[in-house]
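# Report on the structure
One letter stands for each residue in the lines below.
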Amino acid sequence: MDPRSAAPGTLDPASLATAFAAAFPDHVDPAELGIVRAPGRVNLIGEHTDYNEGLVLPAAIDLEVRIARRTRSDRRVRVALATTGEVAELDLDRIGPATGNWLDYIAGTALEMIKAGLPTVGFDGVLASTVPQASGLSSSAALELAAVWALSPVDGPSADPMTLARIAQRAENRYVGVQCGLMDQFASANGVAGSAVMLDCRSLEHHPVPLPDELVVVVAHTGMPRTLGTSEYNARRADCERAVASLAAVEPGVRSLRDVDRAMLERHADRIDPVAARRAEHVVDENARVIATEAALGAGDLDEIGRLFAASHASLRDLFEVSSPELDALVEIAAEVPGVVASRMTGAGFGGCTVSLARPDSVDALRTQILNEYPSRTGRTPRVWQVWAADGAGPVER
Ligand code: GLA
């Protein structure tokens, strides 16, 4: 594991063991606890492309979910929150419908693992997280992937990370009821320390894209949760599907926006309603920007990376219409700080976070500038983290 990702405070093994002993006084030997982890993610570029069979470039990050667990000989699962001590339970042979609380992510994951024929085990565990919730940093995907590992026998799950990501995505789609694409679960399962990971959401081909040594990743939170997010997210998916249906009527080869290019959009502009056309234009151009960003990262062309991030943000604001005044303010503030190379909103939008790539010696100035300017511009309290690209989910070696 990346040594810089050493978990602070709440995630360290001693704190988890203390929380475990408080929740489950019947088993207190910390040596018996296995710890599993799964990271959140930040998407560098490729937004609202995953459910259009497009390209994405996320990185797993060192904000993560950990579960310290002791397997049981029966099929019960008891999980305590490290923060509050609240305990929730389920029986792996009798998983009921979703109830709307955090246990749903574990129950839904268990159900999809069982349906996929993966072995599952009962356990007692404590759950701790440093991924802020409802922030666009994929706390849900991190919880699902941590659950995959905690629910698996001690030698780990018997499937590759991509299969695990798809199981976790199905848990979110079918049990939790959120129609997300594959990006978040993919990143949490397949992260590579020091790299972003390019995923082709049609072929599922993926490969690491090393981050240049001269850049660090900074995430800034608007202080706004993604409250409106779910209904608007589903509306954007429907807009994209409408564009595909209009084009498929005249272009038989079109199954998704991945089959569409600029020329085709222009040729059939009168057939697509204007809202669907704007969404499609964003997706088509964003796929091209992912390819260009990978090339620019490889070449160390920092100016080009800056232009691509700025174009992505403008497109998400003006064409896809998922930004917000708060996200725009954070991007505008970052653009004025010398040494900040690139900045854009990240994740679904409607609140949540921006991602910036910056020279290491500009991070303090970026943080100061955001803390000074953002509250008076928006009336909100921001949070700023420097994050490191981390490995995907797995056991914590001790
Ligand atoms: C959310 C979803 C992802 C993806 C992004 C937008 O994070 O969970 O699947 O669609 O929004 O890029």
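A brief report on the enclosed structure follows. (Residues numbered from 1 in each chain as written. Predicted model: local features only at pLDDT ≥ 70, side-chain atom pairs only at ≥ 80, totals over all residues. Heavy atoms only, no water.)

Right, let's get into the nonpolar core. If you look at the biggest cluster of nonpolar residues, it comprises 78 residues, and the most contacted ones within it are Ile-106, Leu-137 and Leu-151. Per-element accounting of this core gives the leading share, nine residues, to helix 3 (residues 139-151). Excluding anything up to four places from it in sequence, Leu-151 contacts Arg-69, Val-77, Leu-92, Ile-106, Thr-109, Ala-110, Met-113, Pro-119, Thr-120, Val-121 and Phe-123. Counting 24 residues, the second largest nonpolar core, distinct from the first, contains Tyr-51, Val-260, Leu-316 and Phe-350. (Core = buried A, V, L, I, M, F, W, Y, C linked by side-chain atoms within 4.5 Å. Buried < 20%, exposed > 50% of the residue type's maximum accessible area, 1.4 Å probe, protein only. Helix = DSSP H or I, 4+ residues; strand = E, 2+ residues; numbered from the N terminus. Contact = heavy atoms within 4.5 Å.)

Now for the sheet that holds strand 10 (residues 353-358). Pairing within the open sheet is antiparallel, and its four strands lie in the order 9-10-8-11. Single-partner strands in this sheet number two, and they are strand 9 (340-346) and strand 11 (383-387). Each strand axis lies, on average, 20 degrees off the axis of its neighbour in the sheet, ignoring direction. Strand direction decides the pairing type here: strand 8 (residues 216-221) and strand 11, joined by five bridges, are antiparallel. Of the residues in strand 11, the one forming a bridge with Val-217 is Val-387. Seen against the sheet, helix 9 (residues 302-318) touches strand 9 and strand 10 and runs at an angle of roughly 25 degrees to strand 9. (Pairing = 2+ DSSP bridges. Axes fitted to C-alpha atoms, helices over the stretch in contact; angles between N-to-C directions.)

One side chain can pair with another of opposite charge once the charged atoms of both are near each other. What the rule picks out here adds up to 34 salt bridges. Across the salt bridge formed by Glu-304 and Arg-307, the nearest N and O atoms sit 3.0 Å from each other. Taken as a pair, Glu-304 and Arg-307 lie in helix 9 at a separation of three residues, close to a single helical turn. Bridged by salt links that share partners, the residues Asp-239, Arg-242, Asp-273, Arg-278, Arg-279 and Glu-321 form one connected network. (Salt bridge = Lys/Arg side-chain N within 4 Å of Asp/Glu carboxyl O.)

Once that is clear, we can look at the packing of helix 4 (residues 161-176) against helix 5 (residues 183-190). Close contact between helix 4 and helix 5 brings their axes to 8 Å; oriented N to C, the two are set at 140 degrees. With respect to the hand of their crossing, helix 4 and helix 5 are arranged in right-handed fashion. Here helix 4 contributes Pro-161, Met-162, Ala-165, Ala-168, Gln-169 and Glu-172 to the contact with helix 5, which in turn contributes Gln-185, Phe-186, Ala-189 and Asn-190. Looking at the contact of helix 4 with helix 5 residue by residue, the class counts come to six nonpolar, three polar and one charged. (Left-handed = near helix turned anticlockwise from the far one by under 90°. Nonpolar A, V, L, I, M, F, W, Y, C, P; charged D, E, K, R; others polar.)

What follows concerns helix 2 (residues 103-115). Between its terminal C-alpha atoms helix 2 stretches 18 Å, which fits the 18 Å expected from 13 residues at 1.5 Å a residue. Among the residues of helix 2, Leu-103, Asp-104, Ile-106, Ala-107, Gly-108, Thr-109, Ala-110, Glu-112 and Met-113 are the ones counted as buried. Tucked inside the fold, the buried residues of helix 2 contact strand 3 (76-81), strand 4 (87-91), helix 3 and helix 4. (Expected span 1.5 Å × (residues − 1).)

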